[in-house]
Structures are given as C-alpha cells and as structure tokens.
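Residue-level structural notes
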Amino acid sequence: MRQIDHLIASPSGESAFRFSDVFDPNTGKVQARVALGGASDLERAVGAALKAQPGWAATNPQRRARVMFNFKQLIEKNMDELALLLSSEHGKVVADAKGDIQRGLEVIEFACGIPHVLKGEYTQGAGPGIDVYSMRQPLGIVSGITPFNFPGMIPMWMFGIAIAVGNAFILKPSERDPSVPVRLAELMLEAGAPEGILQVVHGDKEMVDAILDHPEIKAVSFVGSSDIAHYVYQRGVAAGKRVQAMGGAKNHGIVMPDADLDQVVADLSGAAFGSAGERCMALPVVVPVGEKTAVALREKLIPAIAALRVGVSTDPEAHYGPVVTAAHKAKIENYIQMGVDEGAELVIDGRGFTLQGHEEGFFVGPTLFDKVTPAMRTYQEEIFGPVLQIVRAESFEDAVRLPSEHPYGNGVAIFTRNGHAAREFAARVNVGMVGINVPIPVPVAYHTFGGWKRSAFGDTNQHGMEGVKFFTKVKTITQRWPDGGGTGESAFIIPTMG
C-alpha cells in the first residue's frame, strides 16, 4: 500500500498518527494512505515559501514564463501517466481524466503570456510635468484548497497564474485523490521553479483552518461545497485575507420548443452523466418548455440513458465510471429515495447497479426523474451524481424564472434556434455563466470562471484577468522631475485639482 506524504520533506510527528484512506473506486479497496498534516506542517511549508518567494518575484516575468512553458511540455509528455493516476483514485474514465488535465493546462498556456498580462498602465502629462503609472505586484504567499472532483484542473487553475505573477503557492488538495496534485508539484520543480514555490500539504479541517488563520498567507482560493465555501470565506476574510470561494451548483438546461432534440439528448447524456455527475458544471436539471416538448424529450431520453455504459475507469467504451467513495454512493442513493418520497416520478432507477467482477466498486447507474417540482429538496439541493431531473415549464418566462430563483447560480444553458430568445435569456437570467446551445458553459482560460449566489463567495472570479487581479496588488506611482535647482518653482498642485 502506498503512503502519500507532503511534497517537501516528510510530515512532522503530529501527522504521523493521522491518516486518511485513498480508495480505488472501481474495487472499493484501499490502495493508499495519505498523512494528514496540521499547523506545524503548514509552518514548515510557509517557512520554505518565505525563503523562495522574494527571489522568484524578482525574477523577470519572461523567465517565469519559461518555467510555465517547460511545465506545459512536461504535462503533455506525462499526460497518459497523469490521467491513469487521476482515474485510479477518482474513478472518472481515462478520457474524462485527460480532459480534466487538459482544461487545467489551458490556464497554464494563458500563464505563459504573463509578461504581456502584467504590463501596467501609463499616463504621460497627467499634470504639469507629472506622469502616472501603475504596476502589478505579487501578494507573497498564497494558497489553494481544492476538491476531489477535478484534482488536476482546479489546482492548475489556481497555481498557474499565482506562480506566474510571482507568488509562492501552498496547495491543500482533497485527501480523497491527492496523488495527481503531488505529481504536478514534482513536475513544476522539474520545469525549473525554485523549491518552495509550489508545495503540497495534506490534511482535513485542521489544515484548512491553519491555512485560513496563518498571517503569512495573503490569499486563499477555494472550490468545494457551498456551506464550506461560506465558512472558508468568512474565516479567511476575518483574518484579513483575500478569499475567492466557489461553491456548489444546480445547473439548468432550458429546452425551447424549436430546439434540435436529438442534439439536446446527445448533449445531456454527456453533461448530466459524464464523470458520474461529479462536476459543479454538470447539467442535472433539464427544463422542457411546453408539454409537447416535455413528452418528446422524455421519449428520446429514455433509450439514450439506457444505452449508457457504466464501467471501470480504464474501460475505453465506458461513458462514466464509479463515484469517488462508498459514502458518496450512499448519499446519491439516499437522494434518489428522497425524490421518490417527495412524489417525483422515478423513470429510470440507478440504485443497486453492480458490475461483474467489481461488485464492491462504488457504482451508481444513470437515474432519470420526471415531474420534479421546485419545492422538492432534491431540486433545491446539489446531488452531485448521475441523476437527471426533468422540471417542466409552461412558458419562456417560467424557464427564465426557475434558474434565476434557485439558490445556486453557477451555470445554465438554453437550447434553441431562436436568436432573440437566446439573447433575451442570456441578458435576464440570474446566473453567472450561460451557454447557448452549449451544455457545459465553462469559459476558455483567457476569460473568467465564476458563479453567482450560493455558487460563489467573494467578488473575484477564477483564471483569466480576474485570476491575475486576485493574485496581485496594484501599486500606482505619481512622479515629477522638476527642472532646475528647485528655485522659482510653483507650488505643487494635485493634477486633478490644477
């Protein structure tokens, strides 16, 4: 059995007695143990970061960008190894695992252009003989706390930009699948980053609280459930830190009467059930507009869902694999029973699914509910599994209202051929990211990712220029170079008042 320790040095004595099991979701067996660290482990990481960060910040941006280029090449070279490692601990199929890593790599590609992005602003002649310019400088030591569902992508979303702008970064990944984050840190060292610039520490709430309370950590980026995101935001801000905390989601797919239903069903098959639904940008709610649309959509969905193949994560023919833990499997199945108890129509039941030879694996079959109503808990709460719910809408106005009034506001999609309807919907819906005939509207790396309402706490989004702003502080300089020896000069007047 493997033991997964901290990247830099070995964990201290306090963590030697605390471990968390890392399962193989395909078999249900423990395949590794991860040592859970605490405050003293974090202190060691902060100490290493304090030594490394000033020199890294003083390195010119072009040289920092070269490290990012090297890191990108190493990720591409090791893609198969990383995907298999990720798949073995998370359970998502290898193709999804490669997508996980690729979407993170796109942010690394954006970070390769950091010399251009960091250019400040300049105004010549803001007043008599006065010029004004600004510069972006790193914060110092920053941290990321990342979830189990994207152990490659989300860490890279955070540390790629944070390191490129000159910070040292301390990563606390999920203890459920920690090996890929450790491997990424090893590759960053190989790419040329100084030791101490990217460190991985493992732990549970004790480590999270230590990060939130540490005075040398200036910013924290978090992705996880909304309740914990709210906690992280409140505690981090109370400690004087910048915090961006991304929470849960309940994304809706609006199907207008003019939509191409065959394309919609194909999109839903991947968006609702891909990665076993363990994605904050999954599409677990479909909203057909009008009874005719609802009936036709349901008729097409049933055979499409029945054709989905659930398999082990290394099965190249599988559409999705197991969920991450036995506890999460039980949680999903409890939600399915809750839906039945609430009065929704269970069209396809994914409970009790087993795979021959892998009977102890954490598998959940695809599940479909119809006639779900907004008052049901199963609609209000995030299930985070392969469960699709049909919520019928009578009109376009209902279709706008449902996602707008939902507690979560991460993503939404509308399927239509009508440009006016799409434009109206995108402008009015109270959700942070909108797809028009795009089922999972995750923005490209040079735009920004972030939801609204209980899906995000803080006012700065991830990656793109928002990520650069989050991990830097602006300094503005007003300068004057007087002529002569200082005699005969008029009194200084603030430019805006002159």
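This structure is a prediction, so every number in the text was calculated from the model and none was measured.

As a further point, take unusual backbone geometry. The phi torsion at Ala276 lies on the positive side, around 55°, for a residue other than glycine. For Ala276, the location among the structural elements is in the loop between α10 (261-273) and β12 (285-288). The buried category is assigned to Ala276, whose relative accessible area is 1%. Phi is positive for Lys371, close to 60°, though the residue is something other than glycine. For Lys371, the position within the fold is in the loop between β14 (367-370) and α13 (377-380).

Taken together, six strands build an open sheet; the order of strands is β8-β7-β6-β9-β10-β20 and the sheet is mixed. The open sheet is flanked by β8 (198-200) and β20 (456-457), the only strands paired with a single partner. Along the sheet, helix α1 (residues 39-58) contacts β6 (141-145), β7 (168-172), β8 and β9 (217-223); its crossing angle with β7, the most-contacted strand, is approximately 155°. Packing against the sheet, helix α6 (residues 153-164) makes contact with β6, β7, β8 and β9, and its axis sits at approximately 165° to β7.

Time to look at the pattern of salt bridges. On inspection of all chains with the given rule, the structure shows 28 salt bridges. Across the pair Glu397 and Arg428 runs a salt bridge whose closest N-O atoms are separated by 2.7 Å. Taken as a pair, Glu397 in helix α14 (residues 396-405) and Arg428 in helix α15 (residues 419-428) lie far apart in primary sequence, 31 residues in all. Residue Glu397 is classed as partly exposed on the basis of its relative accessible area, which comes to 43%. The partly exposed category is assigned to Arg428, whose relative accessible area is 36%.

With that out of the way, let us pick up the pairing of strand β4 (residues 122-127). As defined by bridge partners, β4 adjoins strand β5 (residues 130-138) across three bridges and the pair is classed as antiparallel. Within the sheet, the bridge partner assigned to Gly127 lies in β5 and is Ile130. Taken together, β4 and the strand that follows it, β5, pair antiparallel across an intervening segment of two residues, in which Gly129 is found at a positive phi of about 70°.

With that out of the way, let us pick up the packing of α10 against helix α11 (residues 291-306). The geometry of α10 relative to α11 is characterised by a closest axis approach of 10 Å and an angle of 50° between their N-to-C directions. Overall, the two elements α10 and α11 adopt an arrangement that is oblique. Between α10 and α11 the crossing geometry is right-handed. Listed contacts from α11 to Leu261, Asp262, Val264, Val265, Leu268, Ser269 and Phe273 of α10 are Ala296, Leu297, Lys300, Leu301, Ala304 and Ile305.

Of the two faces of strand β15 (residues 387-390), both are covered, the one formed by Val387 and Gln389 as well as the one formed by Leu388 and Ile390. Here two bridges tie β12 to β15, and the two strands are oriented parallel to one another. Along β15, the bridge assignment pairs Val286 with Ile390. Sheet analysis places β14 next to β15, joined by three bridges and oriented parallel. Each residue of the ladder has a partner; that of Leu368, found in β15, is Leu388.

About the cut-offs
- Residues numbered from 1 in each chain as written.
- Predicted model: local features only at pLDDT ≥ 70, side-chain atom pairs only at ≥ 80, totals over all residues.
- Heavy atoms only, no water.
- Helix = DSSP H or I, 4+ residues; strand = E, 2+ residues; numbered from the N terminus.
- Buried < 20%, exposed > 50% of the residue type's maximum accessible area, 1.4 Å probe, protein only.
- Pairing = 2+ DSSP bridges.
- Contact = heavy atoms within 4.5 Å.
- Axes fitted to C-alpha atoms, helices over the stretch in contact; angles between N-to-C directions.
- Salt bridge = Lys/Arg side-chain N within 4 Å of Asp/Glu carboxyl O.
- Parallel < 35°, antiparallel > 145°, perpendicular 65-115°, else oblique.
- Left-handed = near helix turned anticlockwise from the far one by under 90°.

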